There are 4 protein chains.
Amino acid sequence: MIIVVKNNPDKKQMDNLVKWIKGLGLDIHMSKGDNTTVMGLIGDTSVVDEDLIRSLDIVESVKRIQEPFKNANRKFHPDDTVVNVGGHLFGGGHFQLIAGPCSVESEDQIVTVAKAVKAAGATVLRGGAYKPRTSPYAFQGLREEGLKLLSLAKRETGMPVCTEIVDVRTLPLFEDVDLIQVGARNMQNFELLKELGRTDKPILLKRGMAATIEEWLMSAEYIMSEGNANVILCERGIRTFEPYTRNTLDLSAIPVLRDLTHLPILVDPSHASGKAKLVLPLSLAAVGAGADGLEIEVHNDPVHALSDGAQSLRPEQFADLVQRTDVLLTVCGKERDK
Amino acid sequence: MIIVVKNNPDKKQMDNLVKWIKGLGLDIHMSKGDNTTVMGLIGDTSVVDEDLIRSLDIVESVKRIQEPFKNANRKFHPDDTVVNVGGHLFGGGHFQLIAGPCSVESEDQIVTVAKAVKAAGATVLRGGAYKPRTSPYAFQGLREEGLKLLSLAKRETGMPVCTEIVDVRTLPLFEDVDLIQVGARNMQNFELLKELGRTDKPILLKRGMAATIEEWLMSAEYIMSEGNANVILCERGIRTFEPYTRNTLDLSAIPVLRDLTHLPILVDPSHASGKAKLVLPLSLAAVGAGADGLEIEVHNDPVHALSDGAQSLRPEQFADLVQRTDVLLTVCGKERDK
Amino acid sequence: MIIVVKNNPDKKQMDNLVKWIKGLGLDIHMSKGDNTTVMGLIGDTSVVDEDLIRSLDIVESVKRIQEPFKNANRKFHPDDTVVNVGGHLFGGGHFQLIAGPCSVESEDQIVTVAKAVKAAGATVLRGGAYKPRTSPYAFQGLREEGLKLLSLAKRETGMPVCTEIVDVRTLPLFEDVDLIQVGARNMQNFELLKELGRTDKPILLKRGMAATIEEWLMSAEYIMSEGNANVILCERGIRTFEPYTRNTLDLSAIPVLRDLTHLPILVDPSHASGKAKLVLPLSLAAVGAGADGLEIEVHNDPVHALSDGAQSLRPEQFADLVQRTDVLLTVCGKERDK
Amino acid sequence: MIIVVKNNPDKKQMDNLVKWIKGLGLDIHMSKGDNTTVMGLIGDTSVVDEDLIRSLDIVESVKRIQEPFKNANRKFHPDDTVVNVGGHLFGGGHFQLIAGPCSVESEDQIVTVAKAVKAAGATVLRGGAYKPRTSPYAFQGLREEGLKLLSLAKRETGMPVCTEIVDVRTLPLFEDVDLIQVGARNMQNFELLKELGRTDKPILLKRGMAATIEEWLMSAEYIMSEGNANVILCERGIRTFEPYTRNTLDLSAIPVLRDLTHLPILVDPSHASGKAKLVLPLSLAAVGAGADGLEIEVHNDPVHALSDGAQSLRPEQFADLVQRTDVLLTVCGKERDK
């Protein structure tokens with residue numbers, strides 16, 4: 001970490017800063033120029049509060065040189081992490097498709113969709129039981145009943161299941177869930193992350209809408225530092241000024257993360273765009289960018305045709321998407337897990 | 001709500017949409033133009049999922065006409081809400097100062113600061129017991145011990161206290177807290193909001209870093225729809241591309257909110273800027289924009305001079321800030337509560 | 001266009017608004033609800049200033065139903081526009097590679113790179129003569145001399161050339177340029193756009209850093225409404241809060257634009273990311289998303305090895321990129337123009 | 001400038017980088033740690049292209065320590081710059097009001113408004129002759145005729161005038177303009193900035209919608225480095241995700257700029273918000289934040305009542321705003337120029 005100190009700093013404050021840094025077990029390398037003094041901090045700076053130092057009167061600016069994440073850092077773990085979700089491997093060259101409806105609605109619905117997406121090539125079934133909704137007046141999911149229906153679909157199809165947790169108190173109910181999803185809104189719900197870190201469940205950690213890549217990795221670090229290394233990252237769009245898409249899918253994050261971390265990286269093109277017709281091109285783009293898998297919303301509801309046009313694909317559209325991504329995967333030297 | 005339908009929509013999908021809308025108890029007013037059909041939905045549209053409709057194949061765009069929030073809406077509650085925090089009134093022309101350290105560190109520290117900020121004019125003591133930190137390696141607060149020290153300071157000074165909740169499971173420990181703060185990262189922790197809605201505690205709801213004003217009010221709605229009307233909003237900066245300040249304080253939000261809602265509106269200039277020297281000008285600006293109060297970080301640590309330069313002010317700087325805002329308040333026709 | 005009027009609007013203002021709208025040659029369809037009146041404007045609303053109406057006291061909100069762009073709108077021109085750049089076709093299923101150095105530096109440099117990128121598969125040579133730089137102290141390009149060197153390279157290799165214009169007064173010097181680039185910073189330099197609209201030169205219109213897709217298309221409209229239909233769009237990243245990449249490449253814009261407009265759509269992965277190692281994965285992603293071509297920075301400078309690591313690729317890296325994108329293109333049903 | 005080099009860098013590339021830096025006349029201070037090498041550049045680094053270095057393969061990150069702006073930098077010019085606009089002083093404790101209509105429409109209109117705003121306290125008349133509009137179909141201003149009408153209003157009232165330039169070719173027509181405005185969209189129209197730098201006219205440089213404070217100061221530097229030191233900065237809102245206001249007014253920029261630069265700083269609350277009712281609270285906030293003046297849209301059109309509700313204030317609203325800001329100014333130790 002490098003600290004740029006202002007011109008003619010107050011001596012007492014300077015002494016206190018030096019003392020405080022040394023108190024953290026770090027050494028200091030001082031370098032005085034004409035207008036500024038630069039302090040180089042030597043040692044493990046991950047404990048240092050960058051914001052605190054930046055806010056000091058005598059400090060002009062601060063630059064971290066070592067990344068503040070350790071467990072998630074590829075520098076210290078050069079090999080790809082491979083996460084096993086109910087027998088299916090994420091990362092390390094494997095490619096997986098997680099698919100299913102936005103919300104679990106009924107036994108018939110979830111089992112039908114599960115069979116359809118399995119037939120098309122999905123290896124993990126997703127379905128929302130607890131739904132974080134902007135409005136308290138919107139449907140909040142079937143909740144505990146939804147989890148039961150997921151278990152049922154799991155038994156019927158043999159697919160491992162993935163569903164979102166929104167309340168740390170419900171964790172015991174997730175016993176039968178194979179991949180616990182942490183949604184964008186809870187990416188910095190640190191107490192939840194810590195609890196998940198104390199389990200050995202695979203965690204699908206979505207990027208927060210306003211989270212930088214570094215903050216996202218620090219949230220992975222919360223889980224990993226408690227002992228659970230089974231973290232899968234999932235890019236799902238960030239908030240920008242562009243109103244046409246619900247969020248702006250940041251596909252550059254994939255090669256950037258590939259360099260910074262050894263964790264598997266998925267992409268969710270359904271939520272990012274909010275529009276069914278964008279799911280296919282963004283899926284192909286994600287494959288091109290190097291994603292280790294996709295999470296896709298698929299809905300099947302022949303009676304209630306409203307769902308036909310939702311951000312979810314119909315099963316036959318999903319099957320088409322799988323075929324097309326397969327061809328690209330072959331080109332990219334990856335193979336879809338079956 | 002207005003739905004713009006595409007040219008020549010699929011008839012079956014159109015029929016299904018109409019049927020679904022009517023099933024929600026709404027009437028439809030159809031208006032056909034050359035290129036588009038516009039559907040006007042008549043009735044209580046707060047139950048309608050705007051995103052779902054927007055994602056339909058046959059829909060070009062959707063526009064909500066009624067705001068989706070009801071309890072927080074000034075249209076239905078023209079008078080200002082006044083929230084009583086331990087005898088001090090927020091909203092309705094009152095002006096309050098919440099002040100105290102970023103983190104509670106020791107009995108001596110919190111009591112000393114409490115006395116200092118009370119002497120300078122603060123009416124509510126703030127202090128972090130549970131600290132949401134980006135890094136798991138950073139100090140996470142004294143937690144339960146911190147709450148006890150706050151209670152102690154409350155007894156010593158008679159000041160009501162304000163502190164942040166980060167885990168719904170700790171709510172029973174907040175019995176003696178007068179104003180429970182929900183931080184930016186938990187603004188959409190809906191399960192927490194619902195639980196807080198089932199108490200009668202005043203809630204200080206900070207704006208999420210990537211939250212629109214409407215989303216923020218919908219989070220207030222989560223609390224209010226469960227029965228707790230004691231919500232105070234607090235602007236603390238949004239995330240933008242500007243790196244110089246930690247966040248960009250959105251002071252336009254104050255007059256905008258004044259129009260949309262009857263809830264009291266505070267500003268936290270300390271966290272927004274991340275720099276002590278910006279706190280005074282931004283406090284004066286917030287008063288000019290019409291804020292009902294300020295939340296200010298104040299630190300007092302004569303031994304450990306590191307704090308001298310933090311984003312927190314020293315007590316004497318805070319006292320100066322109070323005097324300056326007082327003069328502006330008089331001009332603005334408000335008076336600081338004493 | 002739909003105008004939502006507030007409750008109990010001032011009658012005089014309402015009459016004036018109605019009169020003003022009718023004065024623009026539009027009809028009005030009034031629809032009164034309990035709390036709001038909705039006005040539907042019928043006719044060509046592209047002349048209506050949406051911001052002006054939104055700012056009226058009696059207006060709650062405004063929604064445009066017809067897109068404000070006409071010439072660029074696929075609704076009115078269903079077939080893809082194909083732009084001919086020196087014999088190479090952009091759009092309509094063709095795929096083109098524009099490649100070359102960031103700045104033209106010398107005859108030797110530009111001719112060497114031109115030959116290398118041509119051999120690798122590029123069809124158009126790019127090279128900056130006028131460089132828009134954030135700092136006045138940075139190299140501003142060889143300017144007129146740079147244009148001459150480009151012409152020379154064009155004669156030597158037979159490749160059409162693409163270079164950026166930054167000053168409307170220099171337009172006469174661009175006679176020999178085949179594709180005039182308008183950079184992100186000049187996307188809303190409307191006087192420049194109008195002048196370019198009065199030529200018949202193909203224009204490569206880059207997206208502004210803070211431009212919505214609609215604003216970008218309105219800038220295309222500036223060129224087209226003056227008579228020049230040879231506009232090619234180029235996505236190059238938008239400004240967000242993420243600091244890791246210089247800009248955030250918005251690949252969702254490609255399928256969105258494909259739907260909204262008939263113009264060809266390119267992607268520039270070099271400038272968006274600012275990092276050479278991101279160029280290949282983002283190029284593959286762009287192909288997956290459906291781009292009609294790429295603009296890639298390629299540098300060749302064996303002596304001055306600094307350039308080895310720049311955001312520019314070396315010729316052999318570019319040749320590798322071409323081979324890889326070719327395989328994806330085949331899969332996507334496109335073929336690279338040769 | 002500090003360059004963090006990656007682990008085990010390629011020796012040839014490292015040598016080339018060192019050679020290149022020394023070729024720029026800079027010295028290098030090397031500091032080798034376990035995982036990284038840090039290079040400190042000593043000398044005038046304003047000529048160094050930060051982006052270029054950042055993009056090198058062997059470089060992990062770059063940090064500028066000296067600000068890249070010199071003429072605009074308060075470090076080298078501690079005293080406030082005072083700009084004289086037709087006898088009225090901007091900066092150095094003075095406070096000025098620029099007011100007038102969005103567009104010049106007729107002699108009657110501009111003269112009437114000029115007299116009204118002068119009577120209310122404005123010292124400089126603004127009025128748009130050339131209007132940069134998102135749509136080519138929107139009114140583009142009276143252009144040269146508008147400039148003539150401004151001159152006429154200047155002669156009638158004695159007020160200096162301020163108007164926007166959008167095309168470098170029209171500069172000769174601005175002879176009689178006292179303060180030339182560069183709008184947000186042209187903040188990085190560097191060729192225009194250079195030409196303005198060759199005049200001695202006061203320049204009102206608005207912040208670009210996506211410009212960081214540093215980029216904004218670099219644009220001021222473009223003008224100043226050509227010899228014109230008469231630059232006034234004007235904050236007018238940045239682009240964010242919040243849709244309620246047209247832009248987000250960044251009032252933190254005022255105290256930040258006060259620290260970084262000696263140039264006068266104005267605020268334009270009309271364009272930022274796009275709503276007349278936000279102009280007063282944001283004006284008071286701007287005064288609280290320490291602005292040196294305001295630019296306010298004022299419209300007077302008794303016949304055409306549309307303007308009553310525009311983002312422009314009516315003259316009597318402006319007069320009220322002046323009285324209210326005056327009281328705040330007194331408190332803030334400033335006085336409005338008369």
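If you're wondering where the values come from, they're calculated on a predicted model, not measured in any experiment.

A few points about the overall build of chain A
Turning to step 1, where the next piece is worked out: Counting secondary structure elements, chain A contains ten helices and 15 strands.
Turning to step 2, where the next piece is worked out: Structurally, chain A occupies a C-alpha span of about 75 × 45 × 40 Å along its principal axes.
Turning to step 3, where the next piece is worked out: In chain A, which comprises 338 residues, the share counted as buried stands at 67%.
Turning to step 4, where the next piece is worked out: Look at the contacts in chain A between residues 6 or more apart in sequence, and 67% of them connect residues 24 or more apart.

Structural notes on the pattern of salt bridges
Turning to step 1, where the next piece is worked out: All told, the structure shown has 116 salt bridges over all chains when counted by the stated rule.
Turning to step 2, where the next piece is worked out: In this structure, D176(B) and K154(B) form a salt bridge, with 3.0 Å as the shortest nitrogen-oxygen distance. Pair noted here: D176(B) is in the loop between β9 (161-165) and β10 (179-182) and K154(B) is in helix α4 (residues 144-157), with a separation of 22 residues, a long-range link.
Turning to step 3, where the next piece is worked out: It is possible to trace a salt-bridge network through shared partners that takes in D167(A), R169(A), E195(B), R198(B) and E226(B).

Some details on helix α4 (residues 144-157) of chain D
Residues and elements named next belong to chain D.
Turning to step 1, where the next piece is worked out: Over its 14 residues, α4 runs 20 Å from end to end, which matches the ideal 20 Å to within 8%, given 1.5 Å per residue.
Turning to step 2, where the next piece is worked out: Buried within α4 we find G146, L147, L149, L150, S151, A153, K154 and T157.
Turning to step 3, where the next piece is worked out: Here the buried face of α4 lies against α3 (107-120), β8 (124-126) and β9 (161-165).
Turning to step 4, where the next piece is worked out: Phi for G158, located one or two positions after α4, is positive at around 80°.

Side note on the relation of the copies chain B and chain C
Turning to step 1, where the next piece is worked out: Superposing chain B onto chain C takes a rotation of 180° plus a shift of 0.0 Å along the axis, which leaves an RMSD of 0.0 Å. As the rotation angle and translation indicate, the two copies are arranged about a two-fold axis. Across chain B, the smallest distance between a C-alpha and the rotation axis is recorded for F241(B), namely 2.2 Å.
Turning to step 2, where the next piece is worked out: Mapped onto chain C, 100% of the interface residues of chain B again fall at the interface, so both copies present the same surface.

Regarding the sheet that holds strand β3 (residues 37-42) of chain A
Residues and elements named next belong to chain A.
Turning to step 1, where the next piece is worked out: Taking strand neighbours across the sheet as the criterion, the four strands line up as β2-β3-β1-β4 in an open arrangement whose pairing is antiparallel. One side of each edge strand has no neighbouring strand; the edge strands of this open sheet are β2 (27-32) and β4 (59-63). With direction set aside, neighbouring strand axes in the sheet form an average angle of 20°.
Turning to step 2, where the next piece is worked out: Sheet topology note: the strand β1 (residues 2-5)/β3 ladder contains four bridges and is antiparallel. In the strand pairing of β3, I3 is matched with M39.

Digging into the sheet that holds strand β1 (residues 2-5) of chain D
Residue and element names in this part refer to chain D.
Turning to step 1, where the next piece is worked out: Across the sheet, four strands lie side by side as β2-β3-β1-β4; this open sheet has antiparallel pairing. Looking at which strands have only one partner, the edges of the open sheet turn out to be β2 (27-32) and β4 (59-63). Ignoring which end each strand starts from, the neighbouring axes of this sheet average 20° apart.

Rules used throughout
Residues numbered from 1 in each chain as written. Chains lettered and ligands numbered in written order. Predicted model: local features only at pLDDT ≥ 70, side-chain atom pairs only at ≥ 80, totals over all residues. Heavy atoms only, no water. Helix = DSSP H or I, 4+ residues; strand = E, 2+ residues; numbered from the N terminus. Buried < 20%, exposed > 50% of the residue type's maximum accessible area, 1.4 Å probe, protein only. Contact = heavy atoms within 4.5 Å. Salt bridge = Lys/Arg side-chain N within 4 Å of Asp/Glu carboxyl O. Expected span 1.5 Å × (residues − 1). Least-squares fit on C-alpha atoms with pLDDT ≥ 70 in both. Pairing = 2+ DSSP bridges. Axes fitted to C-alpha atoms, helices over the stretch in contact; angles between N-to-C directions.

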